[in-house]
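What follows is the residue order along each chain.
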Amino acid sequence: MFKAIIIGSGPAGLTAAITCAENGLDVLVIDEYMSAGGRLLGQLYEQPDGSWWNGLRESKNLYTTAISLGVKFHFNTSVNNIEKRNNRWVVYTEKGTFYTENLLLATGAAESPVPVPGWTLPGVMSVGAAQVMTNVHRVKPGKRGVIIGVNVLSSVIAMELHLAGVEIACLTLPKMNSIANKEGNPSQVLDSLLHVSHMATSPLIRYGSKLLKNDFIKNLGIHFYPKKGFKMWNTPIQLRKAVIEIYGKDEVEGVVVAAIKANGEVVPGSEERIQADFVCIAGGLYPLVELAALAGCPFFLVEELGGHVPLHSEKMETPLEGLFVAGNITGIEGAKVAAAQGRTAGLAMAIHSGIKGLDTEIRHSMDMVKQTRESADIQFHPEIEVGRKRILREWEISQTSKQNHEALMG
Amino acid sequence: MTERIIDHPILGKMEDVNHVTFSFNNRVYKGLENESLAAALLANGIRTLRYQEESGSPRGIYCNIGHCYECRVTVNGQPGIRACITPLKEGMTVESSGQLKIKEKEV
């Protein structure tokens, strides 16, 4: 029996663990990865003030702090199921069953796949996979790669690969189809790209972002976009070409690209081959929510948050007593926001377990989440605030109907 | 063949590495202790980790963080182990699974 169990040792889970431990709770953190940090491990980018955000170092610091506060960790441990029994949460793992009254789901996000013909060939991987190979394991994903999907995540990782001496032949779009619809549409892609503009070394992106604020100008922009593409961190970005096939006998040997019109349609006869020994697919991130679904948490589809998210309050509570959520399971945002949410969740868990006098602190922590969001270096969705407000409104509605129900039954 | 990033302009030099020996499909390789099996294999130029059970087509890592199960291999006789989240240990025996013999489909 632990006072608190946290599933996921990314920035949200680790910060929550530290916060719980600081308030006297004994904490167990479970993660199926080999070490602490989650997606934070691979992060590496230059911040607007010129300093480097080094996810590996941040992870190590959080982990060391947690260990010094007595937090217990089970790595290489997958959680198979969670359920509530006799007012306790039961966590079933491949290394035994654990019990708690305060369970936090900080499972993070997964990458949406974008199927392209040939995508099962060895050498094709998610863009996050290339990031982990390069920055965490320090093994080059290959000599020369092509990145399919131009978005916030893939442009940052292209820069990281460039930094590690891996050549990226180009970033380009997938061909539009029923699945890859948004990722294949140049004007929507441009919209999302504007949110890494401060990091871009290409004047087109940097100054372009100011000009391209409204939809009309953005559509003009895509029509007049250079056919040859442009460069960001020395990597060519092609918004007028799309990968229509990945080829290779037993492993990746290259991709076939074709010119596309502004609406995403392929120009016949424009196909050409680009040689590469690896291909990254970047379809964007979505919240990893299976455990919340197993627990029976209500869900809402909020596109601005990246998909289906479990209903939760600003204090990171779910409608199920003793079950909390923090980090990307609540919506796709950067590591700093996840950590701020983790702190709020940790305080909410401490309060739930009976610790008094934390009201001011949790209010301050909720403010910090908002402040961190407003000053975020990387924004995954331009309308993140809209998404956050939507889920909080749903929470209020559910609370009001619960009170009405209780009054009626009372 | 890919290579290790020994010296990184921001992350610096790789520290505290301990070499170990392991086998993959009966051939012996060297890797770094506690790195992921997938990383150790890729550093040795190995991308193909298994062959799809039905079609026999080659497969390698996809997500590299344990979600997709594309990298499953047999480790010390235990099948279905995800190479991307399994730390490499001295003497590990790793094998890729292959196409299963399926009876002719009944017409």
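Computed from a predicted model, the values in this text were never measured in an experiment. (Residues numbered from 1 in each chain as written. Chains lettered and ligands numbered in written order. Predicted model: local features only at pLDDT ≥ 70, side-chain atom pairs only at ≥ 80, totals over all residues. Heavy atoms only, no water.)

Undergrad: So what exactly am I meant to see when it comes to the overall build of chain A here?
TA: Looking only at helices and strands, chain A has eleven helices and 22 strands in total. Taking all 410 residues of chain A together, the buried fraction comes to 57%. In chain A, the proportion of contacts linking residues at least 24 apart, taken out of those at least 6 apart, comes to 64%. Here chain A has roughly 17,100 Å² of accessible surface; of this, 53% comes from carbon and sulfur atoms. (Helix = DSSP H or I, 4+ residues; strand = E, 2+ residues; numbered from the N terminus. Buried < 20%, exposed > 50% of the residue type's maximum accessible area, 1.4 Å probe, protein only. Contact = heavy atoms within 4.5 Å. Areas by Shrake-Rupley, 256 points an atom, 1.4 Å probe, with all protein chains shown as cover.)

Undergrad: Looking at this structure, how should I read the nonpolar core?
TA: Across soluble globular proteins, nonpolar side chains have a tendency to be buried as a group. With 74 residues, the main nonpolar core has Val146(A), Ile246(A), Phe22(B) and Leu37(B) as its most contacted residues. Broken down by element, this core gets its largest block of residues, seven residues, from helix α1 (residues 37-43) of chain B. Those residues within four positions of Ile246(A) in sequence are excluded, and the remaining contacts are Val116(A), Pro117(A), Gly118(A), Trp119(A), Leu121(A), Val124(A), Ile148(A), Val252(A), Gly254(A), Val255(A) and Val279(A). Ranked by size, the runner-up nonpolar core spans 40 residues in total, among them Ala17(A), Val27(A), Val156(A) and Phe324(A). (Core = buried A, V, L, I, M, F, W, Y, C linked by side-chain atoms within 4.5 Å.)

Undergrad: What exactly am I supposed to notice about the interface of chain A and chain B here?
TA: Frequently, the measure chosen for interface size is the accessible area removed from exposure when the parts meet. Taken together, the contacts link 39 residues of chain A with 38 residues of chain B. A per-residue breakdown of the area chain A buries against chain B is headed by Met133(A), Arg138(A) and Lys140(A), which together make up 21% of the total. The shortest N-O distance in the salt bridge between Asp277(A) and Arg47(B) comes to 3.9 Å. Scanning the region where chain A abuts chain B turns up twelve residue pairs in polar contact (both at pLDDT 80 or more). Those elements that place two or more of their residues in the side of chain A that touches chain B are β4 (52-54), β10 (109-111), β11 (124-126), α3 (127-136) and β18 (278-281) of chain A. Sort the elements by how many residues they give to the side of chain A that touches chain B and α3(A) lands first, with five residues. (Buried area = accessible area lost by both parts, 1.4 Å probe. Salt bridge = Lys/Arg side-chain N within 4 Å of Asp/Glu carboxyl O. Polar contact = N/O pair within 3.5 Å; in protein donor to acceptor, adjacent residues only side chain to side chain.)

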